[in-house]
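Fold and contact review
Chain by chain, the residues run as shown.
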Amino acid sequence: MPLAHDHLLLSVKGQRLDGKWGSIHTTALHENTVAASVFYNETVAAEICEALGLATEPRTVTAGHRPSVWSSPQSPLRRP
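Residues numbered from 1 in each chain as written. Predicted model: local features only at pLDDT ≥ 70, side-chain atom pairs only at ≥ 80, totals over all residues. Heavy atoms only, no water.

1. A closer look at the overall build of the protein
In terms of helices and strands, the protein carries two helices and four strands. Taken from N to C terminus, the helices and strands of the protein fall in the order β-β-α-α-β-β. A buried classification covers 9% of the 80 residues belonging to the protein. Excluding contacts between residues fewer than 6 apart, the proportion of contacts in the protein whose partners are at least 24 apart in sequence is 4%. By element, 62% of the accessible surface of the protein is carried by carbon and sulfur atoms, the whole surface being about 7,400 Å². (Helix = DSSP H or I, 4+ residues; strand = E, 2+ residues; numbered from the N terminus. Buried < 20%, exposed > 50% of the residue type's maximum accessible area, 1.4 Å probe, protein only. Contact = heavy atoms within 4.5 Å. Areas by Shrake-Rupley, 256 points an atom, 1.4 Å probe, with all protein chains shown as cover.)

Dropping the structure here:
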């Protein structure tokens, strides 16, 4: 089953103060990729859950597992 997802295309080229173009330092960007991804995914999940009257279930982070989502008592959906 496909999951909704986004893609980001980021250029690592930038114009310097002297007007010349060059590559930005990508080590810090690469080192923070996972943290940025987790923050983004949690933000999207929170916004979707709020809009639909759902909630996420806290969990221990395990590779390959997504957070569980269930309905609130006010939602027409029910937790299995």
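2. Things to note about a nonpolar patch on the surface
On the surface, Leu8, Leu10, Val12, Ile24 and Leu29 cluster together into a nonpolar patch covering about 450 Å² of accessible area. Considering the arrangement of structural elements, one finds valine 12 in the segment before β1 (13–15). (Patch = residues over 30% accessible without salt bridge, like charges linked within 9 Å, V, L, I, M, F, W, Y side chains within 5 Å. Salt bridge = Lys/Arg side-chain N within 4 Å of Asp/Glu carboxyl O.)

3. Some points on helix α2 (residues 33–52)
Structural remark: α-helix, 3.6 residues per turn; residues separated by three or four positions point the same way. Here α2 is 20 residues long and its end C-alpha atoms lie 29 Å apart, about the 28 Å a rise of 1.5 Å per residue gives. Just beyond α2, the residue with positive phi is glycine 53, at close to 70 degrees. (Expected span 1.5 Å × (residues − 1).)

4. Overview of the confidence of the model for the protein
For the protein, the average pLDDT comes to 75, and 66% of its residues sit at 70 or higher. For the protein, strand β4 (residues 69–71) is the element with the lowest average pLDDT, namely 54, and strand β2 (residues 21–23) is the one with the highest, namely 91. (pLDDT = per-residue confidence, 0-100.)

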